[in-house]
6 protein chains.
Amino acid sequence: MPKRNIETFIGCDKRYDEANTVIFGAPLDTTTSFRPGTRFASRAIRAESFGIETYSPYQDSDLTDLSVFDGGDLELPFGNPAEALRMIEEYTKTLMSENKLPVMIGGEHLVTLGAVRAAAERYKNLHIIHFDAHCDLRDDYLGEKLSHATVMRRIQELVGDNRIYQFGIRSGDKEEFLWGKGRIITNKFGFSGLADTIEKLKGENVYFSIDLDILDPSIFPGTGTPEAGGVFFAELLEAILCVCRLNIVGCDITELSPVYDQSGASTMVACKILRELLLALKNGF
Amino acid sequence: MPKRNIETFIGCDKRYDEANTVIFGAPLDTTTSFRPGTRFASRAIRAESFGIETYSPYQDSDLTDLSVFDGGDLELPFGNPAEALRMIEEYTKTLMSENKLPVMIGGEHLVTLGAVRAAAERYKNLHIIHFDAHCDLRDDYLGEKLSHATVMRRIQELVGDNRIYQFGIRSGDKEEFLWGKGRIITNKFGFSGLADTIEKLKGENVYFSIDLDILDPSIFPGTGTPEAGGVFFAELLEAILCVCRLNIVGCDITELSPVYDQSGASTMVACKILRELLLALKNGF
Amino acid sequence: MPKRNIETFIGCDKRYDEANTVIFGAPLDTTTSFRPGTRFASRAIRAESFGIETYSPYQDSDLTDLSVFDGGDLELPFGNPAEALRMIEEYTKTLMSENKLPVMIGGEHLVTLGAVRAAAERYKNLHIIHFDAHCDLRDDYLGEKLSHATVMRRIQELVGDNRIYQFGIRSGDKEEFLWGKGRIITNKFGFSGLADTIEKLKGENVYFSIDLDILDPSIFPGTGTPEAGGVFFAELLEAILCVCRLNIVGCDITELSPVYDQSGASTMVACKILRELLLALKNGF
Amino acid sequence: MPKRNIETFIGCDKRYDEANTVIFGAPLDTTTSFRPGTRFASRAIRAESFGIETYSPYQDSDLTDLSVFDGGDLELPFGNPAEALRMIEEYTKTLMSENKLPVMIGGEHLVTLGAVRAAAERYKNLHIIHFDAHCDLRDDYLGEKLSHATVMRRIQELVGDNRIYQFGIRSGDKEEFLWGKGRIITNKFGFSGLADTIEKLKGENVYFSIDLDILDPSIFPGTGTPEAGGVFFAELLEAILCVCRLNIVGCDITELSPVYDQSGASTMVACKILRELLLALKNGF
Amino acid sequence: MPKRNIETFIGCDKRYDEANTVIFGAPLDTTTSFRPGTRFASRAIRAESFGIETYSPYQDSDLTDLSVFDGGDLELPFGNPAEALRMIEEYTKTLMSENKLPVMIGGEHLVTLGAVRAAAERYKNLHIIHFDAHCDLRDDYLGEKLSHATVMRRIQELVGDNRIYQFGIRSGDKEEFLWGKGRIITNKFGFSGLADTIEKLKGENVYFSIDLDILDPSIFPGTGTPEAGGVFFAELLEAILCVCRLNIVGCDITELSPVYDQSGASTMVACKILRELLLALKNGF
Amino acid sequence: MPKRNIETFIGCDKRYDEANTVIFGAPLDTTTSFRPGTRFASRAIRAESFGIETYSPYQDSDLTDLSVFDGGDLELPFGNPAEALRMIEEYTKTLMSENKLPVMIGGEHLVTLGAVRAAAERYKNLHIIHFDAHCDLRDDYLGEKLSHATVMRRIQELVGDNRIYQFGIRSGDKEEFLWGKGRIITNKFGFSGLADTIEKLKGENVYFSIDLDILDPSIFPGTGTPEAGGVFFAELLEAILCVCRLNIVGCDITELSPVYDQSGASTMVACKILRELLLALKNGF
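Residues numbered from 1 in each chain as written. Chains lettered and ligands numbered in written order. Predicted model: local features only at pLDDT ≥ 70, side-chain atom pairs only at ≥ 80, totals over all residues. Heavy atoms only, no water.

## Quick look at the interface of chain B and chain A
Stage number 1. Each partner contributes to the interface: chain B provides 23 residues, whereas chain A provides 23 residues.
Stage number 2. Approximately 1,800 Å² of surface area, both sides summed, lies buried where chain B meets chain A, with 59% of it carried by carbon and sulfur atoms.
Stage number 3. When the buried surface of chain B facing chain A is broken down by residue, Phe78(B), Leu142(B) and Glu144(B) rank first, second and third, together holding 32% of it.
Stage number 4. Inspection of the chain B/chain A interface yields zero salt bridges.
Stage number 5. The interface formed by chain B and chain A includes nine residue pairs in polar contact (both at pLDDT 80 or more).
Stage number 6. Considering only residue class, the side of chain B that touches chain A consists of eleven nonpolar, seven polar and five charged. (Contact = heavy atoms within 4.5 Å. Buried area = accessible area lost by both parts, 1.4 Å probe. Salt bridge = Lys/Arg side-chain N within 4 Å of Asp/Glu carboxyl O. Polar contact = N/O pair within 3.5 Å; in protein donor to acceptor, adjacent residues only side chain to side chain. Nonpolar A, V, L, I, M, F, W, Y, C, P; charged D, E, K, R; others polar.)

This is the structure we're talking about:
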């Protein structure tokens, strides 16, 4: 009998009940202030994932050996970020309560707040490792408290001082950097300081958020706010492998914007990062 | 002394105090459910307007003979449509109170609600002429009351039954058409019925809203939701000239999305429509 | 429990056993001689179908009232058109044997041969209605017998003389037109002659093949070989509604090439045609 | 022995000495005021011409039966329109002196001046038939006398009053239209008046210049200054067939700009127009 | 009262009389021999500059603390490079005479000649630091003396031997390199030799010209002639900070071509370079 | 007398009989499994080659000093890879028998098999140096033995164990890597091991195949399957110069896909690689 058209990220076709990891899309870009379009990321990542292999020669490991369920995309409302965050939080909570590791595909970076709310409720003393070009520490953006530009400020209010470790940061306004001092551990430009952070956070519960614009726009132009001077692919890959040795309780990749990716190369980078992330998480979960 | 870089729609460079018409941009696309990008429309229209002439051979009339001020774009918040509408309403009110005719460039179609609120407060018995591919009559969209897909429903609540005259409509869900019966005068597919409407509304105050996707996607592909089977340019031009014989108290053009307009032809169509609209309004105001 | 990510054409989410119509993709473009890319059509049509409504104001009818199953895409080999056709034929046969109406989404036009083979085996005296810009009547193309440019020649060999009715034809080499005389009923440029054909074929079994490049490139530029001078959308829609009054035993739409459709408007046209086709077929099956 | 890579417009592969018609490219866009790029037109037309057939079902005639030589592109300097025009004039003169009909592919419309200079020297009482969206009658453009926007003014100075017949004109500044009165026969918007013109010019020597932006941007978006409200393909085709019944001593097609033609459909339109033009000229020369 | 629509590079909104630095656009691409389009650079840079911050974490410094006036774009003629250069020279002279530092945004690289003429008249013993992929030392290009490919040859004629220091050069014809020996200090491929040059030119008056195609096309594809093997962003940034310790009397950035920058990343790179350049110049002026 | 339009790669305009090197295109992409389009590569490379110089400052050497004939493109059938390979083999044989070095421009990587068949017949003990992101060692792809994904497996069957040296490999399925052990010398990720290989193969006959997707997608996004983590341009250039010190009996560059190269930068990279390759081969042949 002809089969239904099920679309998943490559190699992630396990049933929900047999999976220990769940990927899902959060197609939100409602607060994007510059160029919207990240809502199309999760769908593009699934479609283009058939351009990569399930096997990683970096980790000598294969997605088909994992147990990952692809839950598709949440159906988020338009123009109501508060409600969208509530839905993301609820979905993440469900996964956590059923012992599935949530791996969210944004959307804009604001979606991280929904997932971190769920994680912070479940895991005391939660730490955040945050890869990004932008520090995202404003108090509001044109008056709005919920914004891609304020997401780490909101998360700081949730988890407290010195719980957020930022890497790759190369953009922000002066006030953000000033406010962050003593509250946020910001490592500018790249990954110096990462080894120490990994050492320090051993045994702790960590939420891992990757804004893909940490990458240099040469390899990742397909994003709303490309910011030159970023890290190269090999650096990011190595950093992800390091972080995944920690006890990761949730993670996300955000800010791919396929409409600005005419060559498709940015989407393919996101696919490869997601594959490597899933493989690296396997051992830690 | 070197001059500042003032950018206006071509031929619309009068001072505010000497102008009787004001164009301004409302770069909102926060509730767009399919493909965002109309926030870039007003800026693109200004930039590309230098590809057309100020003179219209259709009306034998010239923009440089009018008194139009270009107020630039409102700075609207992201992810908060209620606040954005409040700002549009307030700006429109100011213009009306100073006897300037407001001509708004969207943005998504929801922006019309802000301007109509101002118009409905000032002008009793307001009528709406609405050119569009979509009827925009839902009660909510994924739970949200403020949406491009609900804008005419919200306006109906404001102006009452049989005050909205729709033309060109060729898309909607079944419920919208059913609900509209007896409340909205919907003319499907084209402009049949327009002559009668013009006749009937003579002397009335009319707000004129043009969703540019009323045009066939062959001539206007650069929009979020292109819908085949639309009207051709010559038909739209003629219809606009007809409507502008009425007493127009405010108007808008919406839904150009430059990111889907690789050739630039859609933006140029919007420029030409705006020129013809401004020239046609001259006599009626 | 989180659900799997099932992707279907909008409104076509019935189960296989309850469906009387089955849509499926045949992502083949291996013999495309000019610009390949139609392999991406079925996927794009599903993804973009959420930009249209399930309801048609043309037919006052709704996809959600039909029973359509979306079987996804066949997994066809690359560089082996003979084997690909065999798989299409087999799948179509299965559907026909279980009393499902097959509606195939190409791919290049060669895919029609696979479906017609299945239809010709099951239905004696099969007739073909063929909408296209190109007559596709070559005997071979650079030596190859199986080609998008030879597909109607191969079908003629299968169904015999005067069984193929072509409409909209405006391109071919001299020999194709000469060979076709007395063998193929070719109606050049548009739909003149369609009413007579409908009259004549009442009660007969008809396979209906729509190469979307019958449309003028103004409304359908996103195809491998755009050919100016085509029919407009309203004409095609009306012609489809006429043909669907016949006893259609199978049909297809082919030759959308999303990579040449930067605005997305061509894909949206294909979506709307598919919706109208499915609704129009409902009464005839 | 392996052959050299000779590239011609499809079906135009005769030797120079056996040809009675010569096509050549004039890749000039140095005075383009809005969006440059027409320099790439002739090359794109040759490359994409293999997407059309040599046979025309409109004229039941085949390019392979003609004797056309493709001379490639002139190597014009950059930033020196006077010298470029001199080179075009010289090349055209050579062709005329050897009894070859010149068919030039622009480039911007200014190139026509070079060819007309050659024609006006050779043929007394030369008339011009000019298809265009723009009247091109300015005296100067930002101070420059040689410009795409002044080309018909310069030609008028060469051939005198009432020798230029314009069709399709829908853009210009007020002064151009005023100046044209009594000097230029301008037919606005379309081809009304063409039959009379053909009648009147029978037996006269006519240079025929087609600015492809006479076409509506729906079918021809790939041009520097798309101007809505143009003629459709079928209208243009018919008009060309009419004009070619006259004694054409030279002709050109100009203003394709491939960089704004993502779908390639505009280039294909230019190819088809060129094929039909060459076939239609056959009988008249 | 509603305000006029003034558009400036982000953070550069000071009045002319209070400014010590003036940025202005020179939208010239009339001699571009390969792919035109740099005329759109200054406008794109202004529009997209709102995607970066005014604050630089590299220099811990903010554009809002500077005094920069944005003079918009010069209105240059088309097809007359000599006149365009005269206008650039005149504008630059005016700025210099009123003690404003000129920062020009090209346009093709030829624009530098206009500004250097003004600088060379005012400052004796002027030196040029020239960042570029191409040496630009031809004597003429297809016969033309004024060309993007000859600009450094013309400047050499103005300032004399061994006054021009080139870095990053990786393209030119053989004759250019040969001619340059003993006349131009050419540092191939990168910035080796820069430290020595800085040391040597301390206290001298220096004009600083940055052709952005010195960058590798991976990070800066949006230019007319992308040339692989260029410098990376971090290298260019560091080099700019070094050069700005000298006594810079004028500078420019040239050769961004937005039409080849689908992702927008190249334009954003140009914005970031301009921000860092303005901040670095602050201390030296 | 006007000249024919001969198009060659820049500087490669020698006659066949005087040439010792022949470049030719093999526009095949019929087995491409992900995104087709490499058929357009050779044409694009010729057209865009005029954006580079004939002179290399890396090798201080000039194409105009070589003797290279450009044979244009083979006319390969569509959908029949076996026949296409036969034609490539035959053409290559002809060149080799007339003592011309073949330099083939793909097309997909499968084309290499045709050329290697010719080389393996002529040269005993042939070795292959293979630059690529993908190991291309599958036994079949969806049942097909002839595929871009199986090409090195087929070549191994031809030349035997330990004759193929791969560099830059970073993608494949698990089985490919396992099968390759003991049969293929695979150097993952980059060029470590190249110096030893060069040393070892001195004096041997070597076919050199460059799949351009060995490059990082940052510099070469315009390919069907961009794979992050590749080598940079400078690394590839250096590696090519090394390999060309060997006795190269044939070579190719493959997998440029111009349709995914909106900026044109990937095509320019291919042009530059081809120039450097031709110059480097000069000494070795």
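## Topic: the interface of chain D and chain C
Stage number 1. The interface of chain D with chain C comprises 21 residues on the first partner and 26 residues on the second.
Stage number 2. Across the chain D/chain C interface, buried area totals approximately 1,900 Å², and carbon plus sulfur atoms make up 59% of it.
Stage number 3. In this assembly, chain D and chain C are joined by three salt bridges.
Stage number 4. Between Lys272(D) and Glu227(C) there is a salt bridge; the shortest N-O distance is 2.7 Å.
Stage number 5. Linking chain D with chain C are seven residue pairs in polar contact (both at pLDDT 80 or more), by the criterion used here.
Stage number 6. Of all the elements, helix H8 (residues 265–284) of chain D adds the most residues to the side of chain D that touches chain C, at four residues.
Stage number 7. Taken together, the residues that form the side of chain D that touches chain C break down as eleven nonpolar, five polar and five charged. (Helix = DSSP H or I, 4+ residues; strand = E, 2+ residues; numbered from the N terminus.)

## Remarks on the relation of the copies chain B and chain A
Stage number 1. When chain B is brought onto chain A, the operation consists of a screw motion whose angular component is 180° and whose axial shift is 0.0 Å, with 0.0 Å RMSD remaining. Expressed as an axis order, the relation between the two copies is that of a two-fold axis.
Stage number 2. A symmetric contact is evident, with 100% of the interface residues of chain B recurring at the interface of chain A. (Least-squares fit on C-alpha atoms with pLDDT ≥ 70 in both.)

## Points about the arrangement of the chains
Stage number 1. For chain A and chain D, which are not in contact, the least C-alpha distance works out to 12 Å.
Stage number 2. Nowhere do chain B and chain F come into contact; their C-alpha atoms are at least 12 Å apart.

## A few points about the relation of the copies chain D and chain C
What relates the pair of chain copies is a rotation about an axis plus a shift along that axis.
Stage number 1. Least-squares fitting of chain D to chain C yields an RMSD of 0.0 Å, with the transformation described by 0.0 Å of translation along the axis and a rotation of 120°. Taken together, the rotation and translation describe the operation of a three-fold axis. Of every C-alpha in chain D, the one belonging to Ser218(D) sits nearest the axis of rotation, 2.8 Å from it.
Stage number 2. Little of the interface of chain D is mirrored in chain C, where only 14% of its interface residues are also at the interface.

## Some thoughts on the sheet that holds strand E8 (residues 185–188) of chain B
Residues and elements named next belong to chain B.
Stage number 1. Reading across from one edge, E4-E1-E5-E10-E9-E6-E7-E8 is the order of the eight strands in this open sheet, with parallel pairing throughout. Here the strands that pair on one side only, and so sit at the sheet edges, are strand E4 (68–73) and E8. Strand-to-strand twist of the sheet, defined as the mean angle between neighbouring strand axes without regard to direction, takes the value 15°.
Stage number 2. For strand E7 (residues 164–169) and E8, the ladder comprises four bridges, and the chain directions are parallel. From the neighbouring strand, Gln166 faces E8, where its bridge partner is Thr186.
Stage number 3. Along the sheet, helix H1 (residues 41–48) makes contact with strand E1 (21–26), E4, strand E5 (101–106) and strand E10 (247–254), crossing E4 at roughly 135°.
Stage number 4. Contacts from helix H7 (residues 233–243) reach strand E6 (127–131), strand E9 (205–211) and E10, with the element oriented near 170° to E6. (Pairing = 2+ DSSP bridges. Axes fitted to C-alpha atoms, helices over the stretch in contact; angles between N-to-C directions.)

## So, the packing of helix H2 (residues 81–97) of chain F against helix H3 (residues 111–122) of chain F
For any two helices packed against each other, the geometry comes down to the angle between their axes and how far apart the axes lie.
Residues and elements named next belong to chain F.
Stage number 1. Closest axis-to-axis distance for the H2/H3 pair is 8 Å, and the angle between their directions is 40°. Taken together, the axes of H2 and H3 are oblique relative to one another. By crossing handedness, the relation of H2 to H3 is classed as right-handed. In contact with Leu85, Ile88, Glu89, Thr92, Lys93, Met96 and Ser97 of H2, H3 contributes Val111, Leu113, Gly114, Ala115, Arg117, Ala118, Ala119, Glu121 and Arg122.
Stage number 2. In terms of residue class, the contact of H2 with H3 is made up of eight nonpolar, three polar and five charged. (Parallel < 35°, antiparallel > 145°, perpendicular 65-115°, else oblique. Left-handed = near helix turned anticlockwise from the far one by under 90°.)

## What to know about the sheet that holds strand E6 (residues 127–131) of chain C
All names here are of chain C.
Stage number 1. As summarised here, the arrangement of the eight strands in space is E4-E1-E5-E10-E9-E6-E7-E8, forming an open sheet in which the pairing is parallel. A strand with exactly one partner marks an edge of an open sheet, and here the two such strands are strand E4 (68–73) and strand E8 (185–188). Ignoring strand direction, the axes of neighbouring strands in this sheet form an average angle of 15°.
Stage number 2. Relative to E4, strand E1 (residues 21–26) runs parallel, the two sharing four bridges. Each bridged residue has a counterpart across the sheet, and for Ile23 the counterpart in E4 is Asp70.
Stage number 3. Most of the contacts of helix H6 (residues 194–201) go to strand E7 (residues 164–169), to which it runs at about 160°, and overall it touches E6, E7 and strand E9 (205–211).

## Let's talk about unusual backbone geometry
Residues and elements named next belong to chain A.
Stage number 1. Residue Gly106 is joined to Gly107 through a cis peptide bond whose omega torsion reads 15°.
Stage number 2. Within the fold, Gly107 resides in the loop between strand E5 (101–106) and helix H3 (111–122).
Stage number 3. The backbone phi angle of Asn125 is positive, close to 55°, even though this residue is not glycine.
Stage number 4. Considering the arrangement of structural elements, one finds Asn125 in the loop between H3 and strand E6 (127–131).
Stage number 5. Backbone geometry at Phe189 places phi at a positive 75°, although glycine is not the residue there.
Stage number 6. Structurally, Phe189 can be placed in the loop between strand E8 (185–188) and helix H6 (194–200).
Stage number 7. According to the relative accessible area criterion, Phe189 is partly exposed, its value standing at 30%. (Buried < 20%, exposed > 50% of the residue type's maximum accessible area, 1.4 Å probe, protein only.)

## Digging into the packing of aromatic side chains
Stage number 1. Following the criterion strictly, the structure yields 60 aromatic pairs over all chains and no others.
Stage number 2. Connected via pairs of aromatic rings, a cluster forms that spans Phe131(A), Phe167(A), Phe191(A) and Phe208(A).
Stage number 3. Residue placement shows Lys100(E) over the ring face of Tyr16(E); its charged tip is 4.7 Å from the ring centre. (Phe/Tyr/Trp six-rings, centres within 6.5 Å; stacked < 30°, edge-to-face > 60°. Lys NZ or Arg CZ within 6 Å of the ring centre and 35° of its normal.)

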